[in-house]
Amino acid sequence: MFLVHSSIPSVRGETYIRRAVARDAKRLTRLVRGSRAYEGQYAAMVADYRVGPDYIENNLAFVAVDSEEVTGRVLGFYSLVVMASELDLLFVQDGMQGGGIGRRLVEHMKCEARAAGLERVRVVVHPPAEGFYLRVGALPVGTVSANPPAVAWDRPEMEFPIL
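Predicted, not measured: the structure shown is a model, and the values here were computed from it.

Undergrad: Whenever I open this one, the overall build of the chain confuses me. Can you help?
TA: Scanning the chain from terminus to terminus reveals five helices and eight strands. Along the chain, helices and strands appear, N-terminal first, in the series β-β-α-α-α-β-β-β-α-β-α-β-β. Expressed as a percentage of the 163 residues in the chain, the buried residues total 45%. Contacts in the chain between residues at least 24 apart in sequence constitute 60% of all its contacts with a sequence separation of at least 6. Summed over all atoms, the accessible surface of the chain reaches about 8,500 Å², with 52% contributed by carbon and sulfur.

Following this line, the structure appears as structure tokens:
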């Protein structure tokens with residue numbers, strides 16, 4: 001069972017969460033590559049990153065948009081890899097951070113994980129986002145070592161308990 005659509009109020013109007021579709025791929029790729037969280041020393045990690053249609057079709061990917069229409073502006077998204085029990089991606093547009101979209105995406109992800117029968121969801125955290133993940137209920141479980149050249153820094157490893 002998948003939650004196909006839910007809405008949340010936002011400061012700028014209504015925000016909807018819907019299943020990502022293949023034609024979202026370019027917009028999601030732009031969101032990842034354009035994120036200010038990946039500037040400077042972190043830029044190499046996402047410079048060539050691509051969210052492809054196949055990735056969207058093979059994982060539970062959901063987008064937060066500003067309209068019920070498929071063409072609504074993408075405000076953020078997440079991807080849950082069920083087989084690995086891992087939150088692989090979670091991004092919110094730079095100008096939309098702090099308005100509750102990330103928190104709502106995490107809550108949505110937990111519902112999807114529960115529906116998929118997962119007991120916990122692992123996430124390897126981008127260091128600047130560690131505080132966000134702690135605030136939304138992720139628990140520290142370790143550290144993932146650097147893997148140069150793409151990832152030249154250690155990253156916190158966390159888990160969301162799915163109750």
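Right, picking up where we left off after that structure.
Undergrad: Looking at this structure, how should I read the environment of Gly-98?
TA: On the secondary structure map, Gly-98 appears in the loop between strand 5 (86–92) and helix 4 (101–115). Between the alpha carbons of Gly-98 and Phe-132 there is a distance of 9.7 Å; along the sequence they are 34 residues apart.

Undergrad: I'm lost on the layout of surface pockets in this one. Help?
TA: Empty space among the atoms becomes visible once a probe the size of a water molecule is rolled across them. Empty space within the largest pocket amounts to approximately 860 Å³. If you go around the largest pocket, you meet 37 residues; those closest to its centre are Leu-90, Phe-91, His-126, Ala-129 and Tyr-133. Listing elements by their share of the lining of the largest pocket, those giving two or more residues are helix 2 (43–46), strand 5, helix 4, strand 6 (120–124) and helix 5 (130–135). Looking at the lining of the largest pocket, the element that brings in the most residues is strand 5, giving seven residues. Of the residues belonging to the lining of the largest pocket, the class tally is 21 nonpolar, eight polar and eight charged.

Undergrad: What is the right way to read the packing of aromatic side chains from this model?
TA: When we look at a pair of aromatic rings, we describe it by the centre distance and by the angle of the planes. By the definition in use, this model includes six aromatic pairs. Put simply, the rings of Tyr-38, Phe-77 and Phe-91 pair up and form one aromatic cluster.

Undergrad: Sorry, what's going on with helix 4 here?
TA: Since there are 3.6 residues in each turn of an α-helix, residues three or four apart along the chain are aligned in direction. Over its 15 residues, helix 4 runs 21 Å from end to end, which matches the ideal 21 Å to within 8%, given 1.5 Å per residue. Residues of helix 4 that are buried: Ile-101, Gly-102, Leu-105, Val-106, His-108, Met-109, Lys-110, Glu-112 and Ala-113. Immediately downstream of helix 4, the backbone of Gly-117 shows phi near 85°, a positive value.

Undergrad: Where do I start with the pattern of salt bridges in this structure?
TA: Pairing is possible between side chains of opposite charge, provided their charged atoms come close. By the definition in use, this model includes seven salt bridges. A salt bridge links Asp-24 to Arg-27, with the nearest nitrogen and oxygen atoms 2.7 Å apart. Residue classification places Asp-24 among the buried positions, given a relative accessible area of 0%. Of the residues examined, Arg-27 reaches a relative accessible area of 22% and is grouped as partly exposed. Across the pair Arg-122 and Glu-157 runs a salt bridge whose closest N-O atoms are separated by 2.6 Å. In this pair, Arg-122 is assigned in strand 6 and Glu-157 in strand 8 (residues 155–161), connecting sequence segments 35 residues apart. Relative accessible area serves as the criterion here: at 18%, Glu-157 is assigned to the buried category. The structure contains a network of salt bridges with shared partners spanning Arg-18, Asp-24 and Arg-27.

Undergrad: Teacher, can you tell me more about unusual backbone geometry here?
TA: In most cases, non-glycine residues show a negative phi, while peptide bonds are predominantly trans. Of note, the phi angle at Ser-85 is positive, near 50°, even though the residue is not glycine. Take Ser-85: it is sitting in the loop between strand 4 (74–81) and strand 5. Among the residues examined, Ser-85 registers a relative accessible area of 17% and is labelled buried.

Undergrad: Would you mind showing me how to read the nonpolar core here?
TA: Side chains of a nonpolar character, in soluble globular proteins, are inclined to be buried together. Among the nonpolar cores identified, the biggest contains 26 residues, and Leu-87, Met-109, Val-121, Tyr-133 and Phe-160 are the most heavily contacted of them. Going through the elements one at a time, strand 3 (60–65), strand 4, strand 5, helix 4, strand 6 and strand 8 are the ones with two or more residues in this core. Per-element accounting of this core gives the leading share, five residues, to helix 4. Among the nonpolar cores identified, the runner-up in size contains 22 residues, and Ile-56, Val-74, Val-81 and Leu-89 belong to it.

Cut-offs used in this document
- Residues numbered from 1 in each chain as written.
- Predicted model: local features only at pLDDT ≥ 70, side-chain atom pairs only at ≥ 80, totals over all residues.
- Heavy atoms only, no water.
- Helix = DSSP H or I, 4+ residues; strand = E, 2+ residues; numbered from the N terminus.
- Buried < 20%, exposed > 50% of the residue type's maximum accessible area, 1.4 Å probe, protein only.
- Contact = heavy atoms within 4.5 Å.
- Areas by Shrake-Rupley, 256 points an atom, 1.4 Å probe, with all protein chains shown as cover.
- 1 Å grid on protein atoms, 1.4 Å probe; cavity = no way out; pocket = protein on both sides within 12 Å on 5 of 7 lines; lining within 4 Å.
- Points joined across faces, edges and corners; volume = space filled by probe spheres on them.
- Nonpolar A, V, L, I, M, F, W, Y, C, P; charged D, E, K, R; others polar.
- Phe/Tyr/Trp six-rings, centres within 6.5 Å; stacked < 30°, edge-to-face > 60°.
- Expected span 1.5 Å × (residues − 1).
- Salt bridge = Lys/Arg side-chain N within 4 Å of Asp/Glu carboxyl O.
- Core = buried A, V, L, I, M, F, W, Y, C linked by side-chain atoms within 4.5 Å.

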